[in-house]
Amino acid sequence: MTSSTTPELLWQPSPEWVRQTRVGRFRDWLWKHRELDLPDYRALWRWSVEDLAGFWSAVADFFGVSFHESPERVLSAETMPGAEWFPGARLNYAEHALCVGPGKDDARTAVIFEREDGHGETITFGELRSRVAAVRAGLVELGVRSGDRVAALVPNSPETLVAFLATASLGAVWSSCSPDFGLRAVADRFVQIEPKVLLTVNGYRYGGREFDITGTVEELRGQLPGLGATVSIDYVPGAASPSGTVDWRDMVERHADAELSFESVPFDHPLWVLYSSGTTGLPKGIVHGHGGIVLEHLKAIGLHCDLGPGDRFCWFTTTGWMMWNFLVGGLLTGSAIVLFDGSPVHPGTDTLWELSARHGVSYFGTSAPFIQTCRKRGLRPATDHDLSRLRTVGSTGAPLTADGFGWIAEEVGHEVQIASVSGGTDLCTAFVGASPDVPVWLGEISCPMLGASVAAYDEHGDETYDEVGELVLTKPMPSMPVYFWNDPDGSRLLEAYFDTYPGIWRHGDWVRITERGSLVIYGRSDSTLNRGGIRMGTAEFYRVVEGFDEVFDSLVIDTSGAGETDGELLCFLVLAEGVELETLEPALRERLRDELSPRHVPNRFLVIGEVPHTLNGKKLEVPVKKILAGAAPESAVSMDALRNPGSLRPFIEMTSG
Ligand SMILES: CC(=O)CC(=O)O
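Remember, predicted model here, so these are calculated numbers, not experimental data.

Rules used throughout
- Residues numbered from 1 in each chain as written.
- Predicted model: local features only at pLDDT ≥ 70, side-chain atom pairs only at ≥ 80, totals over all residues.
- Heavy atoms only, no water.
- Pairing = 2+ DSSP bridges.
- Helix = DSSP H or I, 4+ residues; strand = E, 2+ residues; numbered from the N terminus.
- Axes fitted to C-alpha atoms, helices over the stretch in contact; angles between N-to-C directions.
- Contact = heavy atoms within 4.5 Å.
- UniProt positions renumbered as here; feature names shortened; annotations may be inferred.
- Domains from an automatic or database assignment.
- Buried area = accessible area lost by both parts, 1.4 Å probe.
- Salt bridge = Lys/Arg side-chain N within 4 Å of Asp/Glu carboxyl O.
- Core = buried A, V, L, I, M, F, W, Y, C linked by side-chain atoms within 4.5 Å.
- Buried < 20%, exposed > 50% of the residue type's maximum accessible area, 1.4 Å probe, protein only.
- Near = heavy atom within 4 Å.
- Polar contact = N/O pair within 3.5 Å; in protein donor to acceptor, adjacent residues only side chain to side chain.
- Areas by Shrake-Rupley, 256 points an atom, 1.4 Å probe, with all protein chains shown as cover.
- Nonpolar A, V, L, I, M, F, W, Y, C, P; charged D, E, K, R; others polar.
- Phe/Tyr/Trp six-rings, centres within 6.5 Å; stacked < 30°, edge-to-face > 60°.
- Lys NZ or Arg CZ within 6 Å of the ring centre and 35° of its normal.

Moving on, we get to the sheet that holds strand 23 (residues 447-448). Judged by pairing direction, the sheet is antiparallel, and its three strands sit side by side in the order 20-21-23 without closing on themselves. Every interior strand has two partners, whereas the edge strands, strand 20 (422-424) and strand 23, have only one. The sheet contact formed by strand 21 (residues 429-433) and strand 23 spans two bridges and is antiparallel. Bridge pairing in strand 23 links Val432 to Pro448.

The next thing to look at is the sheet that holds strand 31 (residues 551-558). The three strands are arranged 31-32-33 in an open sheet whose pairing can be described as mixed. What marks the edges here is a single partner per strand, and that holds for strand 31 and strand 33 (604-607). Averaged over neighbouring strand pairs, the angle between their axes works out to 25° when direction is ignored. Most of the contacts of helix 19 (residues 581-595) go to strand 33, to which it runs at about 135°, and overall it touches strand 31, strand 32 (569-575) and strand 33.

It is worth spelling out the UniProt feature "domain: Acetyl-coenzyme A synthetase N-terminal" (unreviewed entry) in the protein chain at this point. The UniProt entry lists residues 41-97 under the feature "domain: Acetyl-coenzyme A synthetase N-terminal" (unreviewed entry), expressed in the numbering used here. Between the first and last C-alpha atoms of residues 41-97 the distance is 27 Å; the span itself is 46% helix and 4% strand.

Our next topic: the domain arrangement of the protein chain. You'll often see interface size given as the accessible area lost when the parts meet. When the domains of the protein chain are assigned, the result is domain 1 (90-343 + 421-448 + 472-507) and domain 2 (528-656). Look at where the C-alpha atoms of domain 1 and domain 2 centre, and you get two points 31 Å apart. Listed as interface residues are 20 residues of domain 1 and, on the opposing side, 18 residues of domain 2. The junction of domain 1 with domain 2 conceals about 1,600 Å² of combined surface from both sides, 43% of it contributed by carbon and sulfur atoms. At the boundary of domain 1 and domain 2, one finds four salt bridges. Here Arg184 makes a salt bridge to Glu595, at a shortest N to O gap of 3.5 Å.

Here we take up the nonpolar core. Grouped together as the largest cluster of nonpolar side chains are 176 residues, with contacts concentrated most on Tyr93, Leu128, Phe164, Leu165, Phe190 and Phe541. The two domains that each donate at least three residues to this core are domain 1 (90-343 + 421-448 + 472-507) and domain 2 (528-656). Ignoring anything within four residues of it in the chain, the contact list for Tyr93 reads Phe164, Leu165, Leu271, His290, Ile293, Val294, Asn325, Val328, Gly329 and Leu332. If you look at the next biggest cluster of nonpolar residues, it comprises 30 residues, including Leu10, Cys314, Leu387 and Leu390.

What follows is about the site of the ligand. Every residue close to the ligand is listed here: Trp321, Met322, Met323, Thr396, Gly397, Ser422, Gly423, Gly424, Thr429 and Arg535. Between Gly397 and the ligand, the recorded distance is 3.3 Å, taken from a backbone N or O atom to an oxygen atom. Gly423 has a polar backbone atom sitting 2.7 Å from an oxygen atom of the ligand. A total of 240 Å² of accessible area belongs to the ligand in isolation, and the protein chains cover 98% of it. It is strand 20 that provides the largest number of residues to the shell around the ligand, a total of three residues. Classifying every residue of the shell around the ligand gives three nonpolar, six polar and one charged.

This paragraph deals with the pattern of salt bridges. Using the criterion set out here, one finds 32 salt bridges in the structure. When the shortest N-O distance is used, the salt bridge between Asp306 and Arg22 registers 2.9 Å. On the criterion of sequence distance, the pair formed by Asp306 in the loop between helix 11 (290-304) and strand 15 (312-315) and Arg22 in helix 2 (residues 22-34) is long-range, its members being 284 residues apart. A salt bridge links Asp553 to Lys619; the nearest nitrogen and oxygen atoms lie 3.0 Å apart. Of this pair, Asp553 sits in strand 31 while Lys619 sits in the loop between strand 33 and helix 20 (621-628), and the two are 66 residues apart along the sequence. Just as Asp553 is buried, Lys619 falls in that class too.

Aromatic ring pairs are defined here through the distance separating the ring centres and the angle between the ring planes. Following the criterion strictly, the structure yields 32 aromatic pairs and no others. The interplanar angle of 20° and the centroid separation of 4.8 Å between the aromatic rings of Phe86 and Phe267 together place this pair among those described as stacked. Within this pair, whereas Phe86 is found in the loop between helix 4 (52-62) and strand 2 (90-91), its partner Phe267 is found in the loop between strand 12 (265-266) and strand 13 (270-276), the two being separated by 181 residues in sequence. The same class applies to Phe86 as to Phe267, namely buried. Geometrically, the ring pair formed by Tyr204 and Phe211 is stacked, given 5.0 Å between the ring centres and 15° between the ring planes. Pairwise contacts between aromatic rings join Phe26, Trp29, Trp47, Phe55, Trp56, Phe62, Phe63 and Trp85 into one cluster. The cationic tip of Arg115 hangs over the ring face of Tyr235; the distance from NZ or CZ to the ring centre is 4.7 Å. Directly above the ring of Tyr542 sits Lys619, whose terminal nitrogen or CZ lies 3.8 Å from the centroid.

Put into structure tokens, the structure is as follows:
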């Protein structure tokens, strides 16, 4: 897959425009303070990956990062894993979100919240600070100390934001799942981190319906040894809360006069645990540090998204996706953040466009599948709404197709920048994306992000250009995981990213880097199920499906990103003798929805004779995905390594007919 023709240019910033963006001002600042003459983005990016220490210290100075203790140096070694960033430095993420930097006066808007049923509120920085102070005091009363975990099964709401900032202010460790996650998926995540406090809601709304999660919460609590307390938010008025819980509102009111303060923690001190799961074992708990996230999000949201005081940043996400953590990072820059909870298509498909218009959103981010839905339903946001304050539309979660780019340009506006970005949970950011000073070409991600030493490698570890290769990072970034939970010798972390090319981060995406420096992602090179941005390992999926006596074996393939389509989740089943798919399918769907999430219910179930396995018993997920994407079987897999090569036939036939 190579391409020598330049695609249509969709958006080109003018030099005057670039000069007043933050990235333009950053370049001026570098000239003034570092005597660096970096005339364009390309030069800036090159310097940012050649002089990592110079670049990241400039980011810290430009944004006025406030260290309680100064770092001894910026980077102790450029090795991966093992790079140590800003050793000796102490700071606090929550202090940066709430108090450090411009635009955070008491009366300035910090948060705009809206729920699909119309309930909403606007919160100033002053009000946000006092709510965080109150919840911080409440958590202290419940025994939470630095390093303890606060786990939250909660929607994207102000209470969730406040609880997260309160947790971070204490140096305690946050972890959240969306309330539509099933018990198994939540327990697999939270049991391993042994939370001191569980935060939950008495229910949630989605698509016009109310959902009760008290049963899930009761069962979950029984599985969490060492849990000191459960705090329950009365989120759905009138619904019962789980018994024996601390009421959120009482807690806030009791501590209404509390003072806000911030624990001074080392640069690498754990801020939150995110999860990513593979083919075996429990989901991996990815731990990010306070300092790494402060720097990365200031750079990504401040420079690349060009957000700051006076702006409004909205990304449609739940708390189970790292884009929630990224969205909250908007506060670091002084931008207001816009939280939406509910179905993005309720009551109509243009709910989020209408919301963006009403609140004057400057940057609206969503998932590529949502853009496709809008396109297919023929939405015309620019015609139907006043989007005059919208500068950028962000898209992630899956590669944005050329059709999707075209639709945004036509129907949201040619003057709007399209930021198709990609990165992931592992670094809680995008490392390829957009910048206000780089053009947008149809179907392409504009550029590698600053400080991200992105390359495409072939199977021998040689760099490739204009050919599809493995997306790698050849140098460390500050928001790389500080460690994996319960991985004392670092072996799981090593295996997750560094086992293919020692010392080089292999991300697990297929990418082509064009001669323009733009990029095209071709989907996951591993088998992660990525539905609407929520990643789940196939192991979790198999545990549910193969829990049925009627299912003998199974194979799940997420085809998203493998071509110019939205992709499908396909579940291939080997059924026990005499079992009919039609009879079994409803129960499978229901169990997957309840135990994993509605997003992880397959588009199609298909019956096959046997699942292809390697000689050592591994299911052939990635090769089958490649075959379904059109690759020749012999290039997708080494037949010698198969226990049952004939089992590939149905997959080959699916693509030939
Ligand atoms: C930034 C991203 O990469 C988000 C995702 O796809 O999970």
